[in-house]
Amino acid sequence: MPSITEFRDTLVFLAPPPEDGSGRAVFDRLDELRVLRNVLDHQIAVHVALLDASGAAARAGSTTRSWLIEMGMPPSVAHRGVRIAGGLALLPKVADCAADGYLAAECVDAVVRGIALIDRRAAAALSDDDRRAFETELLTLAFSGATPAEIDTRARGVAVRVADADPDTVPAADDASLNTVHTRVTEEGRVAISADVSAVIGEKFLSMIDERSGPRPEPDGAEDRRSVGERRADGLELLLDQAAIGAAMTTAGAPRTQVLVTVPADGVDPARLPWVGAISAASAQRLSCDSGVAEIILDTEGVPLRMGTTKRLFPHHLRQAIIVRDLCCVKCGAPAAHSQVHHLVHWADGGPTDLDNGCLLCQRCHTQVHHHGWQVVMGPDRHPWLIPPADVDPRRSPRPAYNRRTMRLDDAPV
Ligand SMILES: [Zn+2]
Ligand SMILES: [Zn+2]
């Protein structure tokens, strides 16, 4: 039998298949390679199980998983290998199919995880018959062409069924006593948030965030430059702003503001937030542009001098007028309902609260304007124009608001 090194050399120097122009030969070759990969992945799982059973890593004060990562496996592949290695012993049918290369490691893993989940949720330990039945159910699904995600979903369904049979157990997905939300102010003055919540809270969060974090084209028509994480964070801020508005509408009496910023009148000390502490001047300006924030000016003894809210907030009728003019975020076209009113000249610098000094910006673009060098100016046409920072456009040519994007500045009436 040839050694693995000889196998590898054969593959390294694999010549392309003879081609007839139809692509058929390459297709067939790819199919063979796919099966080969499945066989290889299964052999890796078998050998991981052997290594684990030897106890070598544990004796050296480590784990099989760490050894695999040190060997050069990406962490996710090492995790998967160890998981499959641990699960296959109880799943002989899955192991047989995987050994012959009929199942991709991702599908094997989905079945292994699915059975483990059902096992955890079941009130009593699964009988061998039950486990065989569930194994067959998930395996059949895998062979019908289901994706790993679909196998996950089916397994969760079975797990709920199995747990429901015992009224005394609360499935982990529903167990409110496991819910946690942790927040921590980091050394940089950011806030790290982590949460572990029930399926229902998680679903509410995911659907609300997803609805608010879709990609939107940049003003130059390029694809959204934000990462998925950045888009979700923008979605989270929008969600909180909307929640504050909703809370104000449903609370009888005076509208509540959700954020309170205190600004020392001496202009030397930084503005502060109650939870986070000192914030940058740019953040303070960005916050005070936003109507959901109350601002209190403090004298040197920390006594409130005045509320900064009276003149700076755009009243309802002005906001409506700005919506009629701008229709949407002037930078990216996000809907007006997702937008805040930005002061072109900041109110603290003497900018008035009127139609010609306000424009609609979604919270992402609002941040871009206050922190990343974008500028909004009022054009001679009495519409807002955007001036990009030099790193986006070295000439800093003004761009029209989103709803007038086909215009050039020359077209505007003087
Ligand atoms: Zn925008
Ligand atoms: Zn602003």
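Preceding this section is the structure that the text describes.
First, a word on what this report is: a plain description of the structure on this page. (Residues numbered from 1 in each chain as written. Chains lettered and ligands numbered in written order. Predicted model: local features only at pLDDT ≥ 70, side-chain atom pairs only at ≥ 80, totals over all residues.)

### Thoughts on the packing of helix H2 (residues 24–54) against helix H5 (residues 75–88)
And then number 1: The interhelical angle for the contact between H2 and H5, taken along N-to-C directions, is 80°, at an axis separation of 8 Å. When the interaxial angle is binned, H2 and H5 end up roughly perpendicular. Residues Ile 44, Ala 45, Val 48, Ala 49 and Asp 52 of H2 lie in contact with H5, whose contacting residues are Gly 81, Val 82, Ile 84, Ala 85 and Leu 88.
And then number 2: A breakdown of the residues in the contact of H2 with H5 according to their chemical character gives 8 nonpolar, 1 polar and 1 charged. (Axes fitted to C-alpha atoms, helices over the stretch in contact; angles between N-to-C directions. Helix = DSSP H or I, 4+ residues; strand = E, 2+ residues; numbered from the N terminus. Parallel < 35°, antiparallel > 145°, perpendicular 65-115°, else oblique. Contact = placed C-beta atoms within 7 Å. Nonpolar A, V, L, I, M, F, W, Y, C, P; charged D, E, K, R; others polar.)

### Some details on the environment of Thr 63
And then number 1: Along the chain, Thr 63 falls in the loop between helix H3 (56–59) and helix H4 (64–71).
And then number 2: A sequence separation of 66 residues divides Thr 63 from Asp 129, and the C-alpha atoms of the two residues are 32 Å apart.

### Some details on the nonpolar core
And then number 1: In this structure, Leu 88, Val 94, Val 108, Val 111, Leu 138, Ala 142 and Ile 151 are the most contacted members of the largest nonpolar core, which totals 34 residues.
And then number 2: For this core, the elements supplying multiple residues, two or more each, are H2, H5, helix H6 (92–99), helix H7 (105–121), helix H8 (128–143) and helix H9 (148–164).
And then number 3: Top element by residues in this core is H7. It accounts for 8 residues.
And then number 4: Leave out the neighbours within four places in its chain, and Ala 142 touches Leu 103, Cys 107, Val 111 and Ile 151.
And then number 5: Ranked by size, the runner-up nonpolar core spans 20 residues in total, among them Ile 322, Val 341, Cys 359 and Val 369. (Core = buried A, V, L, I, M, F, W, Y, C linked by C-beta atoms within 7 Å. Buried ≥ 20, exposed ≤ 12 C-beta atoms within 10 Å, placed from the backbone.)

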